Structure formats: C-alpha cells, structure tokens
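Here are the chains, one letter per residue:
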Amino acid sequence: MVKRFPEISTNVRLLNLSGTAIEEVPPSIRSWPRLHDLLMSYFENLKEFPHALDSITHLELNDTEIQEVPPWIKRISRLRTLMLKGCRKVVSLPQIPESLKEIDAEDCESLEILDCTFHNPEITLRFGKCFKLNQEARDLIIQSRRAVLPGREVHAYFTHRVTGGSLTIKLNERPLPRYMRFKACILLVNNGDCEAPDRDNKWLHISFGVRSRTSGEYIYPCLTEHLYTFGIEAIVTSSELVFEFNVRGRNDWKIGGCGLRSEVLHIVDGHE
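Residues numbered from 1 in each chain as written. Predicted model: local features only at pLDDT ≥ 70, side-chain atom pairs only at ≥ 80, totals over all residues. Heavy atoms only, no water.

In the nomenclature of an unreviewed UniProt entry, the protein chain corresponds to Probable disease resistance protein RPP1 from the organism Camelina sativa.

And the structure:
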C-alpha cells in the first residue's frame, strides 16, 4: 500500500521497494553515500527517472499481465538481478545490461525468443517451465555456466554425453594436465507419480573417480525433464576420468542423462 517514497536515513546500504506501489524515486538517491543495492518492482513510468536507472540493482517484473519487457531495461547499468518469474504473457526478452548476474524467468510459459546476449560468463539463468523457447534460445541458454531449462535429452553442445549418471572420459593430451575444468549438464527425471513441489530443493552431489573426490551442487528448482548446467573441476591422476552424478537422499529422483564439455585446461607442470 506504500505509495510515497519513505523518509528514511540516506546512510542505508540496501533499499528494498519491491512489492510497493511507489512510482517515484527522488533525484537525491544519487548522492546517498552508502547505497549499494536498490530493489524495485517494474512500473511503466520508471524510464522517466534516469537517476533511478543508475541505481537499481534488482528489478522485479511481477505483473502477470505484462506482455513485453521494456527495451530501455538495457539502460539500467548496475542491474544484477532480473526477476520475470510468472510473467506468462511475455514472448521475448530484449537486450539486457552487461552487468546482469541472474535472470529468473521460471514459468514464463509464452516466452519464445531471446533477442539478447549474455555477456557475463558466470550468469545464472533460470528458464524452468519455459516450454515454448525456440531452438536458438535453447542453444544460447545451454552455453551458460549455470542454467536450467526444459529438455528431454542432453544438448549436443556437450561433447561427451551418455544416458544415466556415469560418464568416462579418456584423455589423449601429453603431458596430462594436473587439473581440468568442465561444463557439466544433467537431465533430471522424477521417478514418482507426481513431481515434487517447486520449493522441494535438493543437493546434487557429483562424485569423481579421481581420488574419490566428491563435490556438491545445489540445483533449484527441481523439475522433471529439465536440463541443469554447472561448472566442475577434476584433479587428473590418470588418462581416464570417471564421473558419477547422483541425487542424494531421494529415491524418487534420478539422473536421466549427463554430459560434459571441457573448458580451458590449466596448470600443466606448473604453467598455465
């Protein structure tokens, strides 16, 4: 119900206006000495407050009737998080700021086209339940280091692919690198009669056959017949690497398929 900008200290580090009815941001916000994060909900006249566009770090488009993401969003130079979750009428995503670190577009059921590029290699992309995404959009999302999107098989972008959760890679490099980095992809499948609730989060544990090293990856949300990507590292002690992907502590979920794509090899005999 809040409509007017609050009278508060200008020394705040974080100001969260998301979910309010505030549609005016005073120019003085530019001079607040400690403001690090400004969280806001989208409203049509936001572009008339360029001083706000210079400060916003988190923007929520929570109007389920909105049909397009405004093109001026690329002017929000400090934007790190863009929330589109539940915007079921949005069809396309325009160019976005290079500063973005996360996009949550879960349940944007009409989304088909991505007219954008993802400049940050570490960006997190959540496109769960976006079943209408065209092939170009899927090809773009799958290259992200951390992403979720609908899929029934591991994408061809991953050079090593198998059904199930066990994958072996034989190395031909000489000398062998001490470490290798990979981009991993798993297909998550639900064994039960119904899919677990969206908030039923789980850890996915990755076991390496090299030195029995085990790492964990937190995936969210857990959706059947969806693909998840994330980065992993392996210590190389032989020319054969064995990867095991397992869902920990839940018998009603399994790994339907997995894939790996090698990234930059580094530290070979003490050299990059």
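Additional details are given in the paragraphs that follow.
Participant: Hey, could you run me through the packing of aromatic side chains in this one?
Facilitator: How two aromatic rings sit relative to each other is given by the distance of their centres and the angle of their planes. Inspection of every chain in the model, using the stated rule, returns five aromatic pairs. Relative to Phe 49, the ring of Phe 43 lies with its centre 6.3 Å away and its plane at 65°, an arrangement referred to as edge-to-face. Considering the side-chain rings of Tyr 157 and Phe 158, the 5.3 Å spacing of their centres and the 90° angle between planes classify their relative orientation as edge-to-face. For Tyr 157, a relative accessible area of 16% translates into the label buried. Classification of Phe 158 by relative accessible area gives buried; the value is 0%. Over the face of the ring belonging to Tyr 157 we find Arg 261, whose NZ or CZ atom lies 4.2 Å from the ring centre. (Phe/Tyr/Trp six-rings, centres within 6.5 Å; stacked < 30°, edge-to-face > 60°. Buried < 20%, exposed > 50% of the residue type's maximum accessible area, 1.4 Å probe, protein only. Lys NZ or Arg CZ within 6 Å of the ring centre and 35° of its normal.)

Participant: Is there a simple way to explain the confidence of the model for the protein chain in this structure?
Facilitator: If pLDDT is low for a region, its predicted coordinates should not be looked at in detail. The share of residues in the protein chain with pLDDT of 70 or more is 89%, and the mean pLDDT across the chain is 85. Note that pLDDT drops below 50 for residues 194-201; the model gives that stretch 19 contacts with residues more than four away or on any other chain. In this model residues 266-272 is a low-confidence stretch, pLDDT under 50, and it forms 15 contacts with partners more than four residues away in sequence or in other chains. (pLDDT = per-residue confidence, 0-100. Contact = heavy atoms within 4.5 Å.)

Participant: Whenever I open this one, helix 2 (residues 135-142) confuses me. Can you help?
Facilitator: Owing to its 3.6 residues per turn, the α-helix brings residues three or four apart onto one side. Three or more residues of helix 2 are buried, namely Ala 137, Arg 138, Ile 141 and Ile 142. What you see down the axis of helix 2 is that its buried residues fit within an arc of 125°, all on one side. Buried residues along helix 2 sit in contact with strand 7 (113-114), strand 8 (124-126), strand 9 (146-150), strand 12 (179-190) and strand 15 (226-235). Two to three positions downstream of the cap, the backbone nitrogen of Glu 136 sits 3.3 Å from a side-chain oxygen, assigning the N-cap of helix 2 to Asn 134. (Helix = DSSP H or I, 4+ residues; strand = E, 2+ residues; numbered from the N terminus. Arc of directions from axis to C-beta. Polar contact = N/O pair within 3.5 Å; in protein donor to acceptor, adjacent residues only side chain to side chain.)

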